[in-house]
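Notes for the structure review
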Amino acid sequence: MQETPSEGAVPPQGATSRAPESPAPDTPEAQLRADCAIDTDGRITFRLPPTPAAHPRLLLRLRPKKGRPETTRHVLDLEPDRADGRPHAVLEPHPALDEGRWDVYLLPEPGAERRRLRPGLRDLRALVDGHLRDRPSPVAVRIPYATKDGFLALRVWRRTTHAETRTIDVTDRAVTVTARLHGADLHEDATVRLRLRGTDTVRTLRTRIDGDGRGFSFTADPGELTDDGGGAARIWDVFVRPTSEAAPIRVGRLLDDVADRKHVHVYPALETDGSSLRPYYTVDNDLAIEVT
């Protein structure tokens, strides 16, 4: 079974989308909506409703880990658009933002309290076929999305190299994955490695490499992942090594318009000899295989 999204989880890919209406439409924050559009280079244009503020700016804040202080911010000037006068700001592809989740705020004027923005129209059409284009190193990805509480944010990845999954095929005998490496080339001694999370246990799988040295595929056999003697659920994280001496590169799916893939692309389980093997995407859109 290939690329099976759960029903009703997201709007159809390639369409512009709006976040659900705010549960409290009369609050000031509910009126602050920003439209945004992204191009194939990762350039994002934000457009806001007219504001009486003299010098409004847009604040992007890297969300800190729980219990940690804020350390990274990025500020953009909002300028009136020549066509309709609406304030707009452009986030250029360079410099690349740090990997993580960036919350978006309006700074009405210097010294004023920042105000969280809700998403308006998000035009992500340029991202839909992003996995079909080869990317140079470093691989930088930005996806505007709506948070669980209905605010505008950016999901950002920045990696020296990246291995992008293309198809995941689950049969009654094995799991087969095709993928493509970005930012580096595969050599004859390239391997796929599955690492048992929280341990040093590694399984090395035979890797089939395409003629261009970028595409590859592998098959995970249940017997290779269920014979470690463990009784509890086990998670195997998936990596590729371009050469026998290279550092492992995480395999995942980043290069399209889906910011949070874990509950969107859901795959069936392979049942065999009392064990269940299921590929899935983590909260960071990396590929893993769960064995229970």
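What you are looking at is a predicted structure, and each value in this text was computed from that prediction instead of being measured.

Conventions and cut-offs
Residues numbered from 1 in each chain as written. Predicted model: local features only at pLDDT ≥ 70, side-chain atom pairs only at ≥ 80, totals over all residues. Heavy atoms only, no water. Core = buried A, V, L, I, M, F, W, Y, C linked by side-chain atoms within 4.5 Å. Buried < 20%, exposed > 50% of the residue type's maximum accessible area, 1.4 Å probe, protein only. Helix = DSSP H or I, 4+ residues; strand = E, 2+ residues; numbered from the N terminus. Contact = heavy atoms within 4.5 Å. pLDDT = per-residue confidence, 0-100. Polar contact = N/O pair within 3.5 Å; in protein donor to acceptor, adjacent residues only side chain to side chain. 1 Å grid on protein atoms, 1.4 Å probe; cavity = no way out; pocket = protein on both sides within 12 Å on 5 of 7 lines; lining within 4 Å. Points joined across faces, edges and corners; volume = space filled by probe spheres on them. Nonpolar A, V, L, I, M, F, W, Y, C, P; charged D, E, K, R; others polar. Salt bridge = Lys/Arg side-chain N within 4 Å of Asp/Glu carboxyl O. Phe/Tyr/Trp six-rings, centres within 6.5 Å; stacked < 30°, edge-to-face > 60°. Lys NZ or Arg CZ within 6 Å of the ring centre and 35° of its normal.

Notes on the nonpolar core
Grouped together as the largest cluster of nonpolar side chains are 33 residues, with contacts concentrated most on Phe-46, Leu-48, Leu-58, Leu-91, Leu-117 and Leu-154. Among the elements of the structure, strand S2 (33-38), strand S3 (44-47), strand S4 (57-62), strand S7 (87-91), strand S8 (100-107), strand S11 (139-146) and strand S12 (152-159) are those that each provide at least two residues to this core. With 5 residues, S12 is the largest single contributor of residues to this core. Ignoring anything within four residues of it in the chain, the contact list for Leu-154 reads Ile-44, Phe-46, Leu-60, Leu-91, Leu-97, Gly-100, Arg-101, Trp-102, Ile-143, Pro-144 and Tyr-145. Counting 30 residues, the second largest nonpolar core, distinct from the first, contains Ile-168, Ala-190, Ala-220 and Leu-277.

Describing the confidence of the model for the chain
With 88% of its residues at a pLDDT of 70 or more, the chain has an overall mean of 87. Segment residues 1-15: pLDDT under 50, and 36 contacts once partners within four positions in sequence are set aside and those in other chains are kept. Note on residues 18-29: pLDDT under 50 across the span, and 21 contacts to partners over four residues away in sequence or across chains.

Overview of the side chain of Asp-103
Checked against the element boundaries, Asp-103 lands in strand S8. Using a relative accessible area of 1% as the deciding quantity, one classes Asp-103 as buried. Reaching out from Asp-103, the side chain makes a polar contact with the side chain of Arg-63 at a distance of 2.7 Å. In terms of polar contacts, Asp-103 uses its side chain to reach the side chain of Arg-116, at 2.9 Å. Those residues within four positions of Asp-103 in sequence are excluded, and the remaining contacts are Leu-59, Leu-60, Arg-61, Arg-63, Arg-116, Leu-152 and Ala-153.

Section: the layout of surface pockets
Of the pockets and cavities examined, the second largest pocket occupies roughly 470 Å³. If you trace the second largest pocket, you find 23 residues lining it, with Thr-40, Asp-41, Gly-42, Arg-135 and Ala-140 closest to the centre. Broken down by element, the lining of the second largest pocket gets its largest block of residues, 4 residues, from S11. For the lining of the second largest pocket, a count of residues per class yields 11 nonpolar, 5 polar and 7 charged.

Quick look at the side chain of Thr-243
Along the chain, Thr-243 falls in the loop between strand S19 (234-241) and strand S20 (249-252). Residue classification places Thr-243 among the buried residues on the basis of a relative accessible area of 19%. Among the polar contacts made by the side chain of Thr-243, one reaches the main-chain amide nitrogen of Ala-246 at a distance of 3.1 Å. Non-local contacts of Thr-243, meaning those with residues more than four positions away in its chain, are made with His-187, Asp-189 and Ala-190.

A few points about the environment of Tyr-280
On the secondary structure map, Tyr-280 appears in strand S22 (residues 275-281). Linking Tyr-280 and Ile-168, residues 112 residues apart in sequence, is a C-alpha distance of 9.6 Å.

Thoughts on the pattern of salt bridges
With the rule as written, the count across this model stands at 26 salt bridges. For Asp-185, the salt bridge goes to Arg-214, with nearest N and O atoms at 2.6 Å. Here the residue Asp-185 occupies a position in the loop between strand S14 (175-182) and strand S15 (191-196), and Arg-214 occupies one in the loop between strand S17 (208-209) and strand S18 (215-220), the gap between them amounting to 29 residues. Since its relative accessible area comes to 18%, Arg-214 is described here as buried. Via salt bridges that share partners, Arg-61, Arg-63, Glu-70, Arg-73, Asp-103, Arg-114 and Arg-116 belong to a single interconnected network.

Side note on unusual backbone geometry
Omega for the peptide link from His-94 to Pro-95 comes to 5 degrees, which places this bond in the cis form. Of note, the bond from Ser-137 into Pro-138 is cis; its omega dihedral lies within 30 degrees of zero at 0 degrees. Inspection of the secondary structure assignment puts Pro-138 in the loop between strand S10 (118-123) and S11. A positive phi is found at Asn-285, a non-glycine position, where the angle reads about 70 degrees. Within the secondary structure, Asn-285 sits in the loop between S22 and strand S23 (287-291). The buried category is assigned to Asn-285, whose relative accessible area is 0%.

A look at the packing of aromatic side chains
In total, this model carries 1 aromatic pair according to the counting rule given. Between Tyr-267 and Tyr-281, the aromatic rings sit 6.3 Å apart at their centres with planes inclined by 55 degrees, giving tilted as the arrangement. A residue pair is termed long-range when its members are at least 10 positions apart, and Tyr-267 in the loop between S20 and strand S21 (270-272) and Tyr-281 in strand S22 qualify at 14 residues. With a relative accessible area of 3%, Tyr-267 lands in the buried category. Classification of Tyr-281 by relative accessible area gives buried; the value is 0%. Sitting above the plane of the Tyr-105 ring, Arg-114 keeps its charged end 4.5 Å from the centroid. Across the ring face of Phe-239, the terminal group of Arg-250 is positioned such that the distance to the ring centre comes to 5.1 Å.

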